[in-house]
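# Examination of the molecular architecture
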Amino acid sequence: MIKRPFFGIAKPKLTYDSIEDVRAEPVSVKPKQRVTLFIDVPFKRAGKALIKTGDSVIPGQRLQLLEGEPAGYTVSPVAGKISEISPFIGMMEKQMTAVVIDVEQDGEEVAADPAFKEVSDKPTLEGAIRFLSTIPGKPDLSQFAESGKSVKTIVILGADRDLMTVTTQYVIKTGIASVKTGIDILRKITGVQNIVLTVAQSQVQAAGSAAAGVRSVANRYPAAHPEMILRNLLYEQIEQGGVCFLSAEAVAALGEAFNNGRIPLEKIITTVKKDGTRQLVSAPVGTHISEILDAVGEKIEPGDRLIAGGPMTGAALYSLEHPVEPDTDALIVQGADIIVEGKDSPCTNCGECVRICPVNVPVNELIRYMDAGEYELAAERAALFSCIECGLCAYVCESRIPIFQFIRLAKHAVKRMNAAEEANA
Ligand code: SF4
Ligand code: SF4
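This is a predicted model, so every value here is computed, not measured. (Residues numbered from 1 in each chain as written. Chains lettered and ligands numbered in written order. Predicted model: local features only at pLDDT ≥ 70, side-chain atom pairs only at ≥ 80, totals over all residues. Heavy atoms only, no water.)

To continue, consider the overall build of the protein. A count of helical and extended segments in the protein gives 13 helices and 16 strands. Relative to the 2.2 N^0.38 estimate, which gives 22 Å for 425 residues, the radius of gyration of the protein is 22 Å and therefore close to what a compact globule would have. If you line up the protein on its principal axes, its C-alpha atoms span 60 × 55 × 50 Å. Within the protein, the proportion of its 425 residues that are buried is 52%. In the protein, 70% of the contacts between residues at least 6 apart in sequence involve partners at least 24 apart. Accessible area for the protein stands at about 20,000 Å²; split by element, carbon and sulfur atoms hold 50% of it. Each charge sign in the protein was given a centre, from 45 positive and 53 negative side chains, and these centres are 3 Å apart. (Helix = DSSP H or I, 4+ residues; strand = E, 2+ residues; numbered from the N terminus. Rg over C-alpha atoms; globule rule 2.2 N^0.38 Å. Buried < 20%, exposed > 50% of the residue type's maximum accessible area, 1.4 Å probe, protein only. Contact = heavy atoms within 4.5 Å. Areas by Shrake-Rupley, 256 points an atom, 1.4 Å probe, with all protein chains shown as cover. Lys, Arg positive; Asp, Glu negative; His and termini not counted. Charge placed at Lys NZ, Arg CZ, Asp CG, Glu CD.)

Next comes the structure, spelled out in structure tokens:
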């Protein structure tokens with residue numbers, strides 16, 4: 001059925017891969033020169049800055065950008081000096097602040113910042129939000145504190161969401177005790193007792209000790225997407241409402257943090273090389289991609305493509321100095337010789353995208369509204385916001401239309417228009 005080569009030598013199957021197919025132990029990478037960290041708030045010159053270039057930092061130190069904005073922070077994974085603080089535009093025009101730290105290596109291990117230790121003795125939601133929002137897996141803990149949002153069920157995503165990626169399976173295989181501790185902590189600090197852990201079919205037994213309801217996710221893509229999990233496994237919870245998702249890596253990191261009194265800094269990443277071989281890497285958040293590629297022995301040549309995330313939903317990167325982010329689960333290098341470029345060919349109305357869409361979006365209609373720049377009509381008449389962003393339509397499109405990217409842009413455009421209307425109301 002799927003005829004078009006999508007990924008050259010490393011062509012993905014439409015079934016999830018198993019951790020057993022990947023060399024077991026991650027390569028450990030220690031940043032040698034500098035790390036870059038993103039703070040989720042725009043760079044502003046107004047307000048009293050709490051960090052500045054030239055400041056010395058230590059591992060685990062919380063770096064808040066501005067006084068009075070406690071949510072705008074990151075955590076240093078290294079000992080060193082801040083050498084740059086500058087604006088950074090992320091995906092979909094997201095305005096952030098980049099903090100570059102020059103790593104200091106004098107051969108002596110620097111003790112971690114003890115500030116979190118005091119908080120960790122008595123776990124609270126406030127303490128977790130204040131210190132752990134940027135740990136590996138990037139848990140959105142603020143959703144538990146939002147007034148008016150009543151969370152009744154926490155769903156822990158313990159199966160890898162995209163193809164070729166085994167990061168989450170590695171966490172379940174080696175860190176289930178930390179996941180269990182994290183679940184206990186979550187129950188205590190959020191008050192939510194109903195916790196469900198979803199895992200790959202092959203890991204149901206390994207997950208059995210986690211003291212949560214365990215559900216197995218089907219092996220066929222995109223069954224591990226949160227929206228598919230809700231539709232296929234948790235329909236009774238949908239009726240109750242108040243479901244929130246956290247990654248298994250984030251829950252394991254939460255467990256480790258409160259268990260050890262130290263903020264976890266190491267991210268697990270599945271790397272996929274040009275020849276299709278995979279290698280797990282463990283590296284501090286903020287490590288530059290160039291150092292990850294050096295560690296796995298991969299060289300980037302002109303014309304190669306670098307992707308952060310899996311083959312179906314990942315995004316192209318344009319700099320080797322881009323850092324590992326708290327939610328970077330995979331890094332893929334595609335050789336120039338196997339890249340299948342998108343084209344600007346017209347839709348032939350073949351219907352393949354409609355047939356494969358798991359949530360019945362009329363993709364062929366949607367593409368026409370988007371082509372005409374009619375984003376609001378795309379939302380009203382062609383179910384733009386029902387799309388779960390699995391990328392299958394782009395995968396099968398004979399005309400090689402980058403539908404998935406168009407959909408993301410269209411959603412962003414509608415949200416921006418709505419925000420502008422609200423601001424002017
Ligand atoms: S990305 Fe395409 S196939 Fe996937 S849900 Fe959205 S419209 Fe459907
Ligand atoms: S798969 Fe591509 S060419 Fe076929 S109907 Fe969908 S958008 Fe059009």
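In spatial order, the strands read 2-7-6-3; together these four strands make up an open sheet with antiparallel pairing. Pairing within the sheet leaves two strands with one partner each, and these edge strands are strand 2 (34-39) and strand 3 (56-57). Looking at chain direction, strand 2 and strand 7 (residues 95-103) are connected through six bridges and run antiparallel. What sits directly across from Arg-34, in strand 7, is Asp-102. (Pairing = 2+ DSSP bridges.)

A separate point is the sheet that holds strand 10 (residues 213-217). Read across the open sheet, the four strands follow the order 10-9-8-11; overall the sheet is parallel. The open sheet has two edge strands, strand 10 and strand 11 (243-247), and neither has a second partner. On average, adjacent strands in this sheet sit at an angle of 25° to one another, irrespective of strand direction. As judged from the five bridges shared by strand 8 (residues 153-158) and strand 11, these two strands associate in the parallel manner. Its bridge partner being in strand 11, Val-155 is matched across the sheet by Phe-245. In this fold helix 7 (residues 248-260) packs onto strand 8 and strand 11, with an angle of close to 75° to the strand it touches most, strand 11. (Axes fitted to C-alpha atoms, helices over the stretch in contact; angles between N-to-C directions.)

Let us now look at the site of ligand 2. Every residue near ligand 2 is listed here: Cys-347, Thr-348, Asn-349, Cys-350, Gly-351, Cys-353, Asn-364, Cys-397, Ser-399 and Ile-403. A per-class count over the shell around ligand 2 returns five nonpolar, five polar and no charged. (Near = heavy atom within 4 Å. Nonpolar A, V, L, I, M, F, W, Y, C, P; charged D, E, K, R; others polar.)

Within the secondary structure, Glu-398 is located in the loop between helix 12 (392-396) and helix 13 (403-424). Placed 46 residues apart in sequence, Glu-398 and Glu-352 show a C-alpha to C-alpha distance of 8.2 Å.

Parts of the model with low pLDDT should not have their predicted coordinates read in detail. Per-residue pLDDT for the protein averages 91, and the proportion of residues at 70 or more is 93%. This stretch, residues 1-12, has a pLDDT under 50; its non-local contacts, to residues over four places away or in other chains, come to 34 contacts. (pLDDT = per-residue confidence, 0-100.)

If you walk through the whole model with that rule in mind, you get four aromatic pairs. Arranged with centres 5.8 Å apart and planes meeting at 55°, the rings of Tyr-16 and Tyr-221 form a pair that is tilted. Within this pair, whereas Tyr-16 is found in the segment before strand 1 (23-28), its partner Tyr-221 is found in the loop between strand 10 and helix 5 (226-232), the two being separated by 205 residues in sequence. Residue Tyr-16 shares its accessibility class with Tyr-221, and that shared class is buried. Among the aromatic side chains, those forming a connected cluster through ring pairs are Phe-116, Phe-131 and Phe-258. When the ring centre of Tyr-73 is taken as reference, the NZ or CZ atom of Arg-62 above it lies at 4.3 Å. (Phe/Tyr/Trp six-rings, centres within 6.5 Å; stacked < 30°, edge-to-face > 60°. Lys NZ or Arg CZ within 6 Å of the ring centre and 35° of its normal.)

The nonpolar side chains of a soluble globular protein tend to be buried, and buried together. Within the largest apolar cluster, 44 residues are counted, with the highest numbers of intra-cluster contacts made by Leu-366, Met-370, Leu-384, Ile-403 and Ile-407. Those elements that provide at least two residues to this core are strand 8, helix 5, helix 10 (363-371), helix 12 and helix 13. Counting the residues that make up this core, at least three belong to each of domain 2 (125-260) and domain 3 (352-424). Leu-366 has contacts with Val-361, Ala-378, Ala-382, Leu-384 and Ile-407, leaving out every residue within four places of it along the chain. Residues Tyr-73, Val-171, Val-192 and Ile-263 belong to the second largest nonpolar core, which totals 39 residues. (Core = buried A, V, L, I, M, F, W, Y, C linked by side-chain atoms within 4.5 Å. Domains from an automatic or database assignment.)

Turning next to the site of ligand 1. Close to ligand 1 lie Cys-357, Pro-358, Val-359, Val-361, Val-363, Cys-387, Ile-388, Glu-389, Cys-390, Gly-391, Cys-393 and Ile-407. Looking at side-chain class alone, the shell around ligand 1 contains 10 nonpolar, one polar and one charged residues.

With that out of the way, let us pick up a negative patch on the surface. Where like charges cluster on the molecular surface, the negative patch consists of Glu-374, Glu-376, Glu-380, Glu-421 and Glu-422. At the level of secondary structure, the elements contributing two or more residues to the negative patch comprise helix 11 (375-381) and helix 13. Within the secondary structure, Glu-421 sits in helix 13. (Patch = residues over 30% accessible without salt bridge, like charges linked within 9 Å, V, L, I, M, F, W, Y side chains within 5 Å. Salt bridge = Lys/Arg side-chain N within 4 Å of Asp/Glu carboxyl O.)

A few words now on the side chain of Thr-36. For Thr-36, the location among the structural elements is in strand 2. Under the relative-accessibility criterion, Thr-36 is labelled buried at 11%. At 2.7 Å, the side chain of Thr-36 and the side chain of His-288 are in polar contact. Once residues lying within four places of it in the same chain are set aside, the contact partners of Thr-36 are Ala-98, Val-99, Val-100, Gly-286, His-288, Glu-321 and Pro-323. (Polar contact = N/O pair within 3.5 Å; in protein donor to acceptor, adjacent residues only side chain to side chain.)

Once that is clear, we can look at the domain arrangement of the protein. Each assigned domain of the protein is listed with its residue range as follows: domain 1 (34-104), domain 2 (125-260) and domain 3 (352-424). Taken over C-alpha atoms, the centre of domain 1 sits 34 Å from the centre of domain 3.

Tallied over the entire structure, the rule returns 18 salt bridges. A salt bridge links Lys-117 to Asp-121; the nearest nitrogen and oxygen atoms lie 3.2 Å apart. Overlapping salt bridges, with partners in common, bring together Asp-40, Lys-94 and Lys-138 in one network.

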